[in-house]
Amino acid sequence: MNNSLTPVIRRYVRYLRLERNFSPHTIEAYRNDLSHLETFMERESLAPADVRLDHLQAFAATLHECGVGPRSQARVLSGVRAFFRFLVIDGDIDADPTELLEWPTLGEHLPEVLTVEEVDRIEESIDLSKWEGTRNRAIIEVMFSCGLRVSELVTLRLSDLYLDDRFMRIRGKGSKERLVPMSDKAVKELQMWFYDRNLMNIKPGEEDYVFLNRRGAHLTRTMILIMVKRQAAEAGIAKTISPHTFRHSFATELLKGGADLRAIQAMLGHEKIDTTLVYTHIGNEQLRDAILLHHPRNV
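Residues numbered from 1 in each chain as written. Predicted model: local features only at pLDDT ≥ 70, side-chain atom pairs only at ≥ 80, totals over all residues. Heavy atoms only, no water.

Draft legend 1. Spatial organisation of the overall build of the protein. From N to C terminus, the protein includes 14 helices and three strands. Within the protein, the fraction of its 299 residues that count as buried is 43%. A separation of at least 24 residues holds for 57% of the contacts in the protein among residues at least 6 apart in sequence. Carbon and sulfur atoms make up 51% of the accessible area of the protein, which totals about 16600 Å². (Helix = DSSP H or I, 4+ residues; strand = E, 2+ residues; numbered from the N terminus. Buried < 20%, exposed > 50% of the residue type's maximum accessible area, 1.4 Å probe, protein only. Contact = heavy atoms within 4.5 Å. Areas by Shrake-Rupley, 256 points an atom, 1.4 Å probe, with all protein chains shown as cover.)

What follows is the structure, encoded as structure tokens:
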């Protein structure tokens, strides 16, 4: 690591934590992406104030040469741009050298989605005779019915649930809170899980977490990923899915059902509407058919 860069990186991490209120996971991702830039600057003997557009173009080329794909390149360069903007704000440099930096061309990537019938198949494939059966059904139903990120699911607490009123309080990215309605099915699956959960020996300090492992501690994201992939395989689902697939599927079904895009944005906790707009591409065929069905020229 370039020793002259280390204090600047420390200040940047402190800025992300204290002023941007980013989560430790997000900060770690930014920090990992910046490690590519650190290596390059150390090799070229560059200080932050020395970096120019041609340096960054060379840096982007090294990412390509190292086999970093276009999407990962774009993510790294986005982190680099955020870093140099911070340096401008903090007065370390006068101008942002990333302003004219071109991004790698990305092909359109639409996330895999599941139909309601496929979600039902996954839930029905779960063996309820096993102790974790009701838990896993509740996990999948809550992810699908409420559109949660996996990080939001594993940190969900009993004190965030208002079952009688059919909504939950979610603490999303940047510790921003939102209220998410719950379907009757999600409430039913949770209540079934709570019957088994009440029989467990729960570790001290873990009592408020909704979803627990067999040792009475809250689950990790990796545990959810493994469970979801295994269950999809048992249900005969050939698609490549992850916990995030249920969130995508939730948003897609809302759009197909006629939900307003702003309402979907609020439900998902997206800061910008642009992030939500990807679902208009997923639902294009269904939207086209619906429009043609009700078009005044087709009556």
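Draft legend 2. The pairing of strand β2 (residues 167-171), seen in detail. Taken together, the two bridges between strand β1 (residues 161-162) and β2 define a ladder with antiparallel strand orientation. Following the sheet pairing, Tyr162 is matched in β2 by Phe167. Linking β1 to β2, which pair antiparallel, is a turn of four residues; within it Arg166 sits at a positive phi near 60°. Pairing between β2 and strand β3 (residues 177-181): five bridges, direction antiparallel. When the bridges of β3 are listed, Arg171 appears paired with Glu177. (Pairing = 2+ DSSP bridges.)

Draft legend 3. Up close: helix α9 (residues 221-234). Here α9 spans 20 Å end to end across 14 residues, near enough to the 20 Å set by a 1.5 Å rise per residue. Among the residues of α9, Ile224, Met227, Val228, Gln231 and Ala232 are the ones counted as buried. On an axial view of α9, the arc spanned by its buried residues comes to 125°, and they lie on one face. Along α9, exposed side chains directed more than 90 degrees from the buried face belong to Thr222, Ala233 and Glu234. (Expected span 1.5 Å × (residues − 1). Arc of directions from axis to C-beta.)

Draft legend 4. Representation of the packing of helix α2 (residues 24-43) against helix α4 (residues 70-89) within the structure. At their nearest, the axes of α2 and α4 sit 9 Å apart, and the two run at 90° to each other. With respect to α4, the axis of α2 lies roughly perpendicular. Here α2 contributes Tyr30, Asp33, Leu34, His36 and Leu37 to the contact with α4, which in turn contributes Arg75, Val76, Gly79, Val80, Ala82, Phe83 and Phe84. When its residues are assigned to classes, the contact of α2 with α4 shows eight nonpolar, two polar and two charged. (Axes fitted to C-alpha atoms, helices over the stretch in contact; angles between N-to-C directions. Parallel < 35°, antiparallel > 145°, perpendicular 65-115°, else oblique. Nonpolar A, V, L, I, M, F, W, Y, C, P; charged D, E, K, R; others polar.)

Draft legend 5. Main features of helix α6 (residues 133-146). Here α6 is 14 residues long and its end C-alpha atoms lie 20 Å apart, about the 20 Å a rise of 1.5 Å per residue gives. Remark: Gly147 follows α6 within two positions and exhibits a positive phi of approximately 65°.

Draft legend 6. Broad picture of the packing of helix α5 (residues 116-124) against α6. Closest axis-to-axis distance for the α5/α6 pair is 9 Å, and the angle between their directions is 165°. Relative to α6, the element α5 lies roughly antiparallel. Here the hand of the crossing between α5 and α6 comes out right-handed. Between α5 and α6, the contacting residues are Val116, Val119, Ile122, Glu123 and Glu124 on the first element and Arg137, Ile140, Glu141 and Phe144 on the second. (Left-handed = near helix turned anticlockwise from the far one by under 90°.)

Draft legend 7. Inspection of the sheet that holds β2 at higher detail. Judged by pairing direction, the sheet is antiparallel, and its three strands sit side by side in the order β1-β2-β3 without closing on themselves. Edge positions in the sheet fall to β1 and β3, since each of these pairs with one other strand and no more.

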